[in-house]
Amino acid sequence: MTAEWVMYGIKNCDTIKKARRYLEAAGIDYRFHDYRSNGVTDVLLQGFIDQLGWQDLLNTRGTTWRKLPQEARDTVNDAASAKQVMLAQPSMIKRPLLCAPDGSMLLGFSETSYHAFIQEKS
């Protein structure tokens with residue numbers, strides 16, 4: 001369980017930029033964890049998978065996934081194989097992932113979902 005708001009993602013992602021602007025405009029004090037500069041550990045990723053499920057967490061619509069050879073994509077068929085791919089290529093983790101102080105998580109960004117999530121968790 002975290003004791004603060006934490007946003008996970010990649011700083012140069014356009015959706016991350018929108019989500020960060022939203023949090024700042026809403027006056028939410030948060031910490032940003034960049035997968036590229038701060039890394040992602042097996043334990044951290046397993047916590048995400050346990051709460052959100054690997055299917056929702058794995059970004060199969062992004063460029064990194066599409067650049068994988070078809071044979072590699074075909075081997076991703078369970079939590080363990082998905083976790084290995086996401087650990088090797090953190091840009092395949094859907095983003096943003098917002099973690100509330102109580103440990104609950106919201107994946108993706110829309111102003112409506114952020115507003116409701118923040119109201120419920122604050």
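Residues numbered from 1 in each chain as written. Predicted model: local features only at pLDDT ≥ 70, side-chain atom pairs only at ≥ 80, totals over all residues. Heavy atoms only, no water.

Looking at an unreviewed UniProt entry, the protein carries the name ArsC family reductase, with the source organism given as Pantoea osteomyelitidis. What UniProt states about the protein under its Sequence similarities (unreviewed entry) heading is, verbatim, "Belongs to the ArsC family." (UniProt positions renumbered as here; feature names shortened; annotations may be inferred.)

Draft legend 1. Inspection of the packing of helix α3 (residues 42-52) against helix α7 (residues 79-88) at higher detail. Viewed as axis vectors pointing N to C, α3 and α7 meet at an angle of 130 degrees, and their least axial separation amounts to 11 Å. By the angle between their axes, α3 is oblique relative to α7. Seen along the crossing, α3 lies across α7 with a hand that is right-handed. Only Ala79, Lys83, Met86 and Leu87 of α7 make contact with α3, whose side of the interface consists of Asp42, Leu45, Gln46 and Ile49. (Axes fitted to C-alpha atoms, helices over the stretch in contact; angles between N-to-C directions. Helix = DSSP H or I, 4+ residues; strand = E, 2+ residues; numbered from the N terminus. Parallel < 35°, antiparallel > 145°, perpendicular 65-115°, else oblique. Left-handed = near helix turned anticlockwise from the far one by under 90°. Contact = heavy atoms within 4.5 Å.)

Draft legend 2. A look at the nonpolar core. In terms of nonpolar packing, the biggest core is built from 23 residues, with Tyr35, Leu45, Phe48, Leu57, Leu58 and Met86 touching the most fellow members. Every element with two or more residues in this core is listed here: β1 (5-9), α3, α4 (54-57), α7 and β3 (97-99). Here this core gets four residues from one element, more than from any other, and that element is α3. If we ignore the near neighbours within four places in the chain, the residues touching Leu45 are Val40, Leu57, Lys83, Met86, Leu87 and Ile93. Counting 16 residues, the second largest nonpolar core, distinct from the first, contains Met7, Ala19, Leu106 and Phe117. (Core = buried A, V, L, I, M, F, W, Y, C linked by side-chain atoms within 4.5 Å. Buried < 20%, exposed > 50% of the residue type's maximum accessible area, 1.4 Å probe, protein only.)

Draft legend 3. Summary view of the packing of aromatic side chains. The final tally for this structure, using the stated rule, is six aromatic pairs. Each ring, one from Phe109 and one from Tyr114, has its centre 4.7 Å from the other, and the planes form 80 degrees; the classification is edge-to-face. The class for Phe109 is partly exposed, based on a relative accessible area of 22%. For Tyr114, a relative accessible area of 0% corresponds to the buried category. Taken together, Tyr8, Tyr35 and Phe48 form an aromatic cluster joined through their ring pairs. Over the aromatic face of Phe32 sits the side chain of Arg20, whose NZ or CZ is 4.1 Å from the ring centroid. (Phe/Tyr/Trp six-rings, centres within 6.5 Å; stacked < 30°, edge-to-face > 60°. Lys NZ or Arg CZ within 6 Å of the ring centre and 35° of its normal.)

Draft legend 4. View of the layout of surface pockets. Approximately 250 Å³ is the volume attributed to the largest pocket. Around the largest pocket, the lining residues are Arg36, Asn59, Arg61, Gly62, Thr63, Thr64, Trp65, Arg66, Ser91, Met92, Lys94 and Arg95. Among the elements that line the lining of the largest pocket, the one with the most residues is helix α5 (residues 63-67), at four residues. For the lining of the largest pocket, the class distribution of residues is two nonpolar, five polar and five charged. (1 Å grid on protein atoms, 1.4 Å probe; cavity = no way out; pocket = protein on both sides within 12 Å on 5 of 7 lines; lining within 4 Å. Points joined across faces, edges and corners; volume = space filled by probe spheres on them. Nonpolar A, V, L, I, M, F, W, Y, C, P; charged D, E, K, R; others polar.)

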